[in-house]
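Spelled out, the chains give:
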Amino acid sequence: MEQKVIMAGFGGQGIMAIGKLLAYAGMLENRNVTWMPSYGPEMRGGTANCAVVVSDDEVGSPLISRDGTAAIVMNLPSMTKFEKELVTGGKLIINKSLIDAKPTRTDIDAYYVNANELAMELGNAKVANMVMLGAYLELAKTIETESVLQAFVKVFGEEKSHLVPLNKEALIKGAEAVKA
Amino acid sequence: MTMVYEKSKGLTDVPFHYCPGCTHGVIHKLVAESLVELGVLDDTIGVAPVGCSVLAYKYFNCDMQEAAHGRAPAVATGIKRVHPDKVVFSYQGDGDLASIGAGEIVHVAHRAEKITTIFVNNAIYGMTGGQMAPTTLVGQKTTTSPLGRDEALSGKPIRISEMLATIDGAKFVERVSVDTPANIRKAKKAIKRAFECQIKGEGFAIVEVLSTCPTNWGLTPVKALDWLKDNMIPYYPLGNFRNFEEGK
Amino acid sequence: MSKVLMKGNEAVGAAAIKAGCKYFFGYPITPSSEIPEYMSKALPEAGGVFLQAESEVAAINMVYGAGGAGARVMTASSSPGISLKQEGITYIAGAEVPCVIVNMMRGGPGLGSIQPGQADYFQSTRGGGNGDYRTLCYAPSSIQEIVDLVILGFDKADYYRNPVLIVADGMIGQMMEAVEFKDPAPIDLPEKDWATTGTGGKRQPNVVNSLFLQAEELQAHNDRLEKKYKLIEENEVLYEAYGLEEAEVVLVAYGTTSRIVKTAMKQAEAKGIKVGIIRPITLWPFPHDVFKTIGNNAKGILTVEMSAGQMIDDVKIAVEGRLPVYFNGTQGGMVPTPASVLADIEKIAGGTK
């Protein structure tokens, strides 16, 4: 098993955070993981992306180069930039709230999630990223939701543990949105 | 027979390599005596520069490190941070401190690093054979200013003490000279005070010592002392610029 | 202790503290700035001192002072900053002061880029400063390995009284992986009776110095250094190697590129090509001897680097002309892709390269 996931969007959408959560959760499940951010002036321009690899074997390249198994894209520039990095049959999870377009590729599976609206239903627009992550977890069926919630406390600290229920709901909303 | 004079225990028995008439020897003696009189010699670590006093690590009778050209204040910083209870000093010439090491000396002062710097200003590069220093006077002939320092080309000589006195972390700044016995006594007092500044934990202390270079100035030792008095002191006025004791 | 997910740069800081490093002097530069950032918080908590120097030049000279004064001390930077430190590194090597220097390499020359690079191989292994000196040079390829090598590096630095370089790249600095901080194996280290600690009136003064004005004295000093370097060459070579006996193609890569090469190797093996790997963990001393174990099936060696070809010189020296040595490299912050490495493997195995 090897999952190579790209996460991309505007700075402030919590892209890096969901990447870390997925990597940490993978580690808690005793898999090999890497989390690789974009860095430098690229970050300052307002777009953010990271690559997460979760594998049963030693992780080779932590970068994703035309071999992504999934991509979570939170805005249009991200979809344009990263759809080409997926393998045939790769999963492209699209934030429909902000992306009013379809991918150009037809050999990949596209999933549409109204992440911002679903987050607002929970009363907090900030958890749109978690909605998207929930959709990914449902589709990939690799990492347990429970592991992500454990990772949440590890990554953000005990003082944020009161936010776990809200984030759990967001993950569930995302999962429901892509359930067949 | 009664002993009336003794070489300071702050110096080793290694004979100085300095040229005849050079005042480095006097300044070494003043530093060594000060450390002994303050009772800190055995708890002192010195940093030698690159320049005429490059071999100072052989002369001071305490632990020493030899620094790269201009970097003595940074090396001294590293030592002092490891041994905050020891006395740390750097001994630097004008090429070392005022030219290549201008950055390091400004920042050691600005951090109020609790070290003492002895800055020997003889208005020339001695060891490399008499080239122009940033402290060379306008009109002064050197091997790289054969017609005399040209202000339009090289600017005016830099006044280090005045510059460092503008920095809050410099708690003791004084310029002295070793051209006369009276001035040597004043120099000793200043050097001792500069070490006391460190021992009391006040901050950075520097003593700029106007010194001669008979060899590269092309003068006899006596004439060199006169040249210092007539040419250097008017441009580099003696006196205290900052004193932790007076809140100055 | 259980595993934690950590960024490479922060793991370097945590490993240094674990190794008993009490002093850090540095100057920020991308992509290694998280090291001083981490140390500024963690070192004071561990009873140490973090100081942001006015320049890389000052920082390395502070390291020289602190190391000479007997402390475990570290600095870190990235390529252009490491260039500035070369003056200090040669003094430190000459005066035999132990310290650890971390280089998170980026693209060059000059200001280059901030993306990962491996173009400081020459600088790291040939000595970027003046004179005959060597620095023990570790090249980790994962966060766990950088942690282990930083801890080992402090011991080796003290043992040999020599600067130790940790040479990684921006990718390892920025990447997060799971890491475990194991207790270092105990090692017998000599007393630092040479350090400048103040005589206390109990001994002759110690002098930390790299100046020997008499030619004979300097030659004797160099001979002694050379003996030490030979000892390091005999005892400190580290590498990972497998599949050499049967391999048709042998891949040589270190650090980040070794990971990419391993991905390509799997792809090649799926196509039925036998591939071997040599991953130097010490760049100096270089693992020359392992190249002698390459079997008779080998058609060629492929060296993969994020440079225009630097380690390849050492590979050629090690191969002694027995096999053709090919190169796959990227520069400027570009990272070689497994696909391009696979294509080269196929060409070499098929005899078309």
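Residues numbered from 1 in each chain as written. Chains lettered and ligands numbered in written order. Predicted model: local features only at pLDDT ≥ 70, side-chain atom pairs only at ≥ 80, totals over all residues. Heavy atoms only, no water.

A. Focus on the overall build of chain B. Tallying secondary structure elements over chain B gives 10 helices and seven strands in all. Oriented by its inertia axes, the alpha-carbon framework of chain B measures out at about 50 × 50 × 35 Å. Out of the 248 residues in chain B, the part that is buried amounts to 58%. Within chain B, counting contacts between residues at least 6 apart in sequence, those at least 24 apart form 68% of the total. Total accessible area on chain B stands at roughly 9600 Å², and carbon and sulfur atoms take up 57% of it. Charged side chains in chain B number 27 positive and 26 negative. The centres of these two groups are separated by 2 Å. (Helix = DSSP H or I, 4+ residues; strand = E, 2+ residues; numbered from the N terminus. Buried < 20%, exposed > 50% of the residue type's maximum accessible area, 1.4 Å probe, protein only. Contact = heavy atoms within 4.5 Å. Areas by Shrake-Rupley, 256 points an atom, 1.4 Å probe, with all protein chains shown as cover. Lys, Arg positive; Asp, Glu negative; His and termini not counted. Charge placed at Lys NZ, Arg CZ, Asp CG, Glu CD.)

B. Representation of the interface of chain C and chain B in the model. Listed by partner, the interface residues are 34 residues for chain C and 32 residues for chain B. Between chain C and chain B, roughly 2500 Å² of surface is buried when both sides are summed, and carbon and sulfur atoms account for 59% of that area. Summed over the shared surface of chain C and chain B, the result is three salt bridges. One salt bridge in this structure joins D63(B) and R203(C), with 2.8 Å as the shortest N-O distance. Counting across the chain C and chain B interface gives 19 residue pairs in polar contact (both at pLDDT 80 or more). Among the secondary structure elements, those contributing two or more residues to the side of chain C that touches chain B are β2 (23–26), β3 (49–52), α3 (56–68), α4 (79–95) and β9 (207–208) of chain C. Counting residues per element, the side of chain C that touches chain B draws most heavily on α3(C), which supplies eight residues. The pairing of strand β2 (residues 63–66) of chain B with β9(C) spans two bridges and is classified as parallel. Looking at the pairing, Q65(B) lines up with V208(C) of β9(C). (Buried area = accessible area lost by both parts, 1.4 Å probe. Salt bridge = Lys/Arg side-chain N within 4 Å of Asp/Glu carboxyl O. Polar contact = N/O pair within 3.5 Å; in protein donor to acceptor, adjacent residues only side chain to side chain. Pairing = 2+ DSSP bridges.)

C. Quick peek at the UniProt feature "coiled-coil region" (unreviewed entry) in chain C. Following the UniProt record, one finds the feature "coiled-coil region" (unreviewed entry) at residues 208–235 of chain C. Secondary structure across residues 208–235 of chain C divides into 75% helix and 4% strand, with the first and last C-alpha atoms of the span separated by 26 Å. (UniProt positions renumbered as here; feature names shortened; annotations may be inferred.)

D. Structural context of the pattern of salt bridges. All names here are of chain B. According to the stated counting rule, one finds 45 salt bridges over all chains in the structure shown. In this structure, the salt-bridge partner of E245 is K200, at a minimum N-O distance of 3.8 Å. Highlighted residues: E245 in the segment after β7 (239–243) and K200 in the loop between α8 (181–199) and β6 (204–210), separated in sequence by 45 residues. K200 sits in the exposed class, given a relative accessible area of 53%.

E. Representation of the interface of chain C and chain A within the structure. Counting residues at the interface gives 23 residues for chain C, matched by 20 residues for chain A. Between chain C and chain A, a total of about 1800 Å² is buried, with carbon and sulfur atoms accounting for 66% of that surface. Three residues, L5(C), M176(C) and R259(C), lead the burial of chain C against chain A; their summed loss comes to 29% of the area buried on that side. For K262(C), the salt bridge is made with E58(A), and the minimal N-O distance between the two is 3.1 Å. Residue assignment for the side of chain C that touches chain A shows that the elements contributing at least two residues are β1 (4–7), α7 (170–174), β8 (176–179) and α9 (255–270) of chain C. Considering each element in turn, the side of chain C that touches chain A owes the most residues, five residues, to α9(C). Split by residue class, the side of chain C that touches chain A holds 11 nonpolar, six polar and six charged. Of the strand pairs in this sheet, strand β2 (residues 32–37) of chain A and β8(C) are connected by two bridges, and their pairing is antiparallel. Residue pairing for β8(C): T34(A) is matched across the bridge by E177(C). (Nonpolar A, V, L, I, M, F, W, Y, C, P; charged D, E, K, R; others polar.)

F. Representation of the packing of aromatic side chains. If you walk through the whole model with that rule in mind, you get 15 aromatic pairs over all chains. Taking the centre distance of 4.9 Å and the plane angle of 55 degrees together, the rings of F152(A) and F156(A) count as tilted. Taken together, the positions of F152(A) and F156(A), both in helix α6 (residues 145–156) and four residues apart, correspond to about one turn of that helix. Ring centres of F60(B) and F89(B) lie 5.3 Å apart, and the angle between their planes is 80 degrees; this geometry places the pair in the edge-to-face category. (Phe/Tyr/Trp six-rings, centres within 6.5 Å; stacked < 30°, edge-to-face > 60°.)

G. Structural detail: the sheet that holds strand β15 (residues 325–329) of chain C. Residues and elements named next belong to chain C. A sheet is described by the order of its strands in space; here five strands give the open sequence β10-β12-β11-β14-β15, paired in mixed fashion. Both edges of this open sheet fall to β10 (239–242) and β15, since each of them pairs with a single strand only. On average, adjacent strands in this sheet sit at an angle of 20 degrees to one another, irrespective of strand direction. For strand β11 (residues 249–252) and strand β12 (residues 275–280), the ladder comprises four bridges, and the chain directions are parallel. Bridged to L251 within β12 is I277. The sheet strands contacting α9 are β10, β11, β12 and β14 (300–305), and the helix crosses β12 at an angle near 170 degrees. On top of the sheet, helix α11 (residues 338–350) reaches β11, β12, β14 and β15; it is set at about 165 degrees to β14, its chief contact. (Axes fitted to C-alpha atoms, helices over the stretch in contact; angles between N-to-C directions.)

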